[in-house]
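For reference, the chains in residue letters:
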Amino acid sequence: QRRVHGGCSWDRSRQKVKEAAQKEMFRELPILHVTGIEAGHKPPKQKGALNKFKCPVYKYPTRNDINWVFDCELNCEEEPHVWIMRGCCLLCSVD
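Residues numbered from 1 in each chain as written. Predicted model: local features only at pLDDT ≥ 70, side-chain atom pairs only at ≥ 80, totals over all residues. Heavy atoms only, no water.

## Observations regarding the overall build of the protein chain
Secondary structure assignment for the protein chain yields 1 helix and 7 strands. Written out in order from the N terminus, the α and β elements of the protein chain read β-β-β-β-β-β-α-β. Relative to its full complement of 95 residues, the protein chain shows a buried share of 29%. Carbon and sulfur atoms make up 52% of the accessible area of the protein chain, which amounts to about 7,000 Å² in all. (Helix = DSSP H or I, 4+ residues; strand = E, 2+ residues; numbered from the N terminus. Buried < 20%, exposed > 50% of the residue type's maximum accessible area, 1.4 Å probe, protein only. Areas by Shrake-Rupley, 256 points an atom, 1.4 Å probe, with all protein chains shown as cover.)

## Focus: the environment of N75
Mapped onto the secondary structure, N75 falls in strand β6 (residues 68–76). Here the alpha-carbon distance between N75 and C55, two residues 20 residues apart in the chain, equals 10.0 Å. Contact partners of N75, with chain neighbours within four places excluded, come to W10, Q15, K16, V17, L50, N51 and K52. A distance of 3.3 Å separates a polar side-chain atom of N75 from the backbone oxygen of Q15. In this structure the side chain of N75 is engaged in a polar contact, spanning 2.6 Å, whose partner is the side chain of K52. (Contact = heavy atoms within 4.5 Å. Polar contact = N/O pair within 3.5 Å; in protein donor to acceptor, adjacent residues only side chain to side chain.)

Here it is in structure tokens:
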């Protein structure tokens, strides 16, 4: 199961990162459909589109280069630095 960690949660209805409930350490995230794209290719930002938070994905809670898998772009209304400063990430396992 994938989990959001670090002061954020997932708003299923609006498909974006949101503030976590108090004392909520981990929160489930819906299944992600992951595909590869050519390096350097970035689609143009649509007018009125949400910001994108480049969220790191780790295999385990120990955050290091060995456990890092990739970065996943998640929609957010706030500027991405809000979630970066909170240390938000996705975990493949909480063990």
